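Per-entry structural report
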Amino acid sequence: MPHRTFFWFILPSLTAMFLFIALPIVSVVIQSLHVEHEQVLEVVETCGPFGCNEETRVDSEATRALREAEPLGRFNGLGTYVSRAHLATDELAAAWAESDSLAEFGSQVMNLPFYKALAFTLAYTFIVTPLVLVLGLAIALGVNGLPQRLRGVTIFFSLLPMIVTPLIGSLVLFWMIDADGIIGATLQLLFDDPELSLKASPTLTWLTLFVYGVWHSAPFAFIVFYAGLQTVPEETLEAAMIDGASRWERVRYVVIPHLMPLVVFITLIQLMDNFRVFEPIVGFQAQASATSLSYIIYSDLRGDTQQFGSAAATSVLTILGVAILLTPVLIRTWRDFNRKRA
Amino acid sequence: MSAAAHRKSTGLIVLSTGFVLLWLILAAFPFLWTLWGSFKVQGDFFSRADWMNAIRGPLTLEETGARFTGQGYWGAWIESGFWRNVLSTAIIVSATVVISLTLGTLGGYALARSGYRYAFWLLMIALIFRAMPHITLVSGYLLPFFEWNLWGHLPTTIIVLVAINQPFTLWMLHSFFLNIPKDLDESAMVDGCTRFQSFRLVIMPVMWPGVITTGLFSFLLAYNDFAVTAMLLSQENQTMVPRIASFLGSTQQEGNVMFAVAAVVSATAPLFVLILFFQRQIVSGLTAGAVKG
């Protein structure tokens, strides 16, 4: 296809992506270097019958005028990045100097909002992803053994947790694990502890969110693996069987190697999607015990005074995180591409 | 191959069937339970005393005179004006799907037919954009949108959703177009069609399965979006998902939880129907990217 034709065909979607993905990223970077104007203070002298008082108050008119004149705020350089709400370099150094043990240092770091969110995001990404792979493969193997007629029904119901809006899916579970809901009440009965609540402690909240994550994503892995199982070469399986491979050995040495490209594919998609975990935290109202990077951006933008600079700095750090996560994949794809061309 | 070699031990069959059954219950039960519960009053669905109340519904019978009640639905749709959110969801989703597909088929076709290095780079950039958490982009929109007075309007949100959708749409359509032999459009061009004519008259008719599948995923992305719609739309034209989240702010008031439950069921129903009719397309879409790796 000539360059010119290619250009005209791709132009509309390129424009859309440039205007609404590339430029906003630039805008985020610029915003992250700025910080909101401080409120303009004025000193007012109020005189009463008992003498005069000097009083400092906020000049809201002047503050508004200043904010309108320079909506970006004042230039702050990397100040927002190293502030307490983000990388908190000073606090980190202080904690390192003061704490006697690594555990103490760790617990101090976990009190910093950014590191708390980062810890949850990474834990969620790296715990949910492998579990999704294992559970998905197990379901796929199970369904593959079912009679043909039952497979359609299984796939139908399996798709539900994945297709449904994450916020709605987490709400549905949230109502069930409520102390008055069916799962919450049953758990209290099982453990004979009327005070037991899955929302009470950070550990249980994290656990609940992980369970939700696996429940939500397992269908995806299942469907992809199931499609892959249909293409496992029958001859290799037969050959393995003649050589005396047991059922487990056939799965281990024939099926799983055949599915390896799919494992890579699912891992890639899951890493990307789990790293942006956000809606479940809103749905489970878990922000007290678990926040993610996406969630702190949301809460910065949400409040009464929107903190654009702070949200933007977290956004840039999140984008860097995504970039680090994706680098191995990109390098691999680049090598494949060059090999194919060569 | 003889059937005997394929025969499994009874124990294994029981084990794997039991496992699949357990998974089915895990996958389906929460939805069925919520659907059932949405026709009860709050005292029954959230029952301190006995979860059997949610099934038998003694309080529902006492309060409303029947075992099932539509109070939650009435409260959500009419009293709280949920129908307005349904309407804006319908507008946003249908516009997003149509525009995404129009731009996506053009771009995906070009990417599939161009062997140049920059086509590969564009796909890589699209992959990186696909990985970007949406909320990080949202913080980039807000300030300019406030400045230029674009915030809070349906068209702005539609365009943003289309753009966010593009990387994924391009990838998916590009892999569908790769499956269509090059000879088809090239022979049309030999017969005197321009590139665009051969795209429109020869390729599009055979592309419908791919377009429908991609459309389904664009639909899901726009329908399920929370990050963008919650931040870019004003109160009066909010879509369903952020509205449901805002229902929860007022849970202290008796009965409002049931509004949220009813709204959740209402928002899930279209997805249920979607799976019912398009299961095959959804599955093929999920696996389309996987096959080629």
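Not measured: the values here are computed from a predicted model.

The rules we used
- Sequence positions are assigned chain by chain, starting from 1 and proceeding in written order.
- To read the labels, note that chains go from A and ligands from 1, taken in the order they are written.
- pLDDT decides what is reported in this predicted model: residues at 70 or higher carry local features, side-chain atom pairs at 80 or more are listed and counted, and totals for whole chains, interfaces and linings draw on all residues regardless.
- Side-chain measures were taken over the full set of non-hydrogen atoms in the model, leaving aside hydrogen atoms and water.
- Each helix corresponds to a stretch of at least 4 residues labelled H or I by DSSP, and each strand to a stretch of at least 2 residues labelled E; elements are numbered beginning at the N terminus.
- Categorising residues by exposure relies on relative accessible area from a 1.4 Å probe, with only protein chains included: less than 20% of the type maximum marks a residue as buried, more than 50% marks it as exposed, and the intermediate range marks it as partly exposed.
- Contact criterion: two residues are considered in contact whenever any of their non-hydrogen atoms come within 4.5 Å of each other.
- Positive charges are assigned to Lys and Arg, negative charges to Asp and Glu, while His and the chain termini are left out of the count.
- Where a charge sits is defined by one atom per residue type, namely NZ (Lys), CZ (Arg), CG (Asp) or CD (Glu).
- Centres within 6.5 Å are what make two rings of Phe, Tyr or Trp a pair, Trp counting through its six-membered ring; a difference in plane orientation under 30 degrees is then read as stacked, over 60 as edge-to-face, and the rest as tilted.
- Charges are assigned to positions over rings by a cutoff of 6 Å between ring centre and Lys NZ or Arg CZ, combined with an angular limit of 35 degrees from the ring normal.
- What counts as a salt bridge is simple: a side-chain nitrogen of Lys or Arg found within 4 Å of a carboxyl oxygen of Asp or Glu.
- Only Asp, Glu, Lys and Arg are considered charged, only Ala, Val, Leu, Ile, Met, Phe, Trp, Tyr, Cys and Pro nonpolar, and every remaining residue, Gly among them, polar.
- UniProt positions are given in the numbering used here, feature names are shortened, and annotations may be inferred rather than shown by experiment.

Observations concerning the overall build of chain A
When you go through chain A residue by residue, the secondary structure sums to 15 helices and 4 strands. The C-alpha extent of chain A, read off along each of the three principal axes, is 105 × 70 × 45 Å. Within chain A, the fraction of its 342 residues that count as buried is 47%. A sequence separation of at least 24 residues applies to 67% of the contacts in chain A between residues at least 6 apart. If the 20 positive side-chain charges of chain A are averaged to one point and the 30 negative ones to another, these points end up 17 Å apart.

Some details on the packing of aromatic side chains
Within a pair of aromatic rings, the relevant descriptors are the distance that separates the centres and the angle that separates the planes. If you walk through the whole model with that rule in mind, you get 43 aromatic pairs over all chains. Relative to Phe-210 of chain A, the ring of Tyr-124 of chain A has its centre 6.1 Å away and its plane inclined at 45°; by these criteria the two rings are tilted. On the criterion of sequence distance, the pair formed by Tyr-124 of chain A in helix H6 (residues 113-144) and Phe-210 of chain A in helix H10 (residues 202-229) is long-range, its members being 86 residues apart. Both residues of the pair, Tyr-124 of chain A and Phe-210 of chain A, belong to the buried class. Plain terms: the ring middles of Phe-146 of chain B and Trp-151 of chain B are 5.5 Å apart, the flat faces sit at 45° to each other, and that makes the pair tilted. These aromatic residues form a ring-pair network of at least three members: Phe-9 of chain A together with Tyr-109, Phe-177, Phe-196 and Phe-199 of chain B. Over the ring of Tyr-253 of chain A we find Arg-252 of chain A, and its NZ or CZ is 5.1 Å from the ring centre. Taking the ring centre of Phe-68 of chain B as reference, the NZ or CZ of Lys-40 of chain B above it sits at 4.3 Å.

Digging into the interface of chain B and chain A
Contacts between the two partners involve 101 residues from chain B, matched on the other side by 97 residues from chain A. Of the charged contacts, one joins Asp-273 of chain A and Arg-130 of chain B as a salt bridge, the two residues approaching to 3.2 Å between their closest N and O atoms. Here the side of chain B that touches chain A takes 17 residues from helix H15 (residues 256-292) of chain B, the largest share from any one element. Among the residues making up the side of chain B that touches chain A, the classes are represented as 75 nonpolar, 18 polar and 8 charged.

Structural notes on the UniProt feature "domain: ABC transmembrane type-1" (unreviewed entry) in chain A
Per the UniProt record, "domain: ABC transmembrane type-1" (unreviewed entry) is found at residues 118-329 of chain A. Secondary structure across residues 118-329 of chain A divides into 79% helix and 0% strand, with the first and last C-alpha atoms of the span separated by 22 Å.

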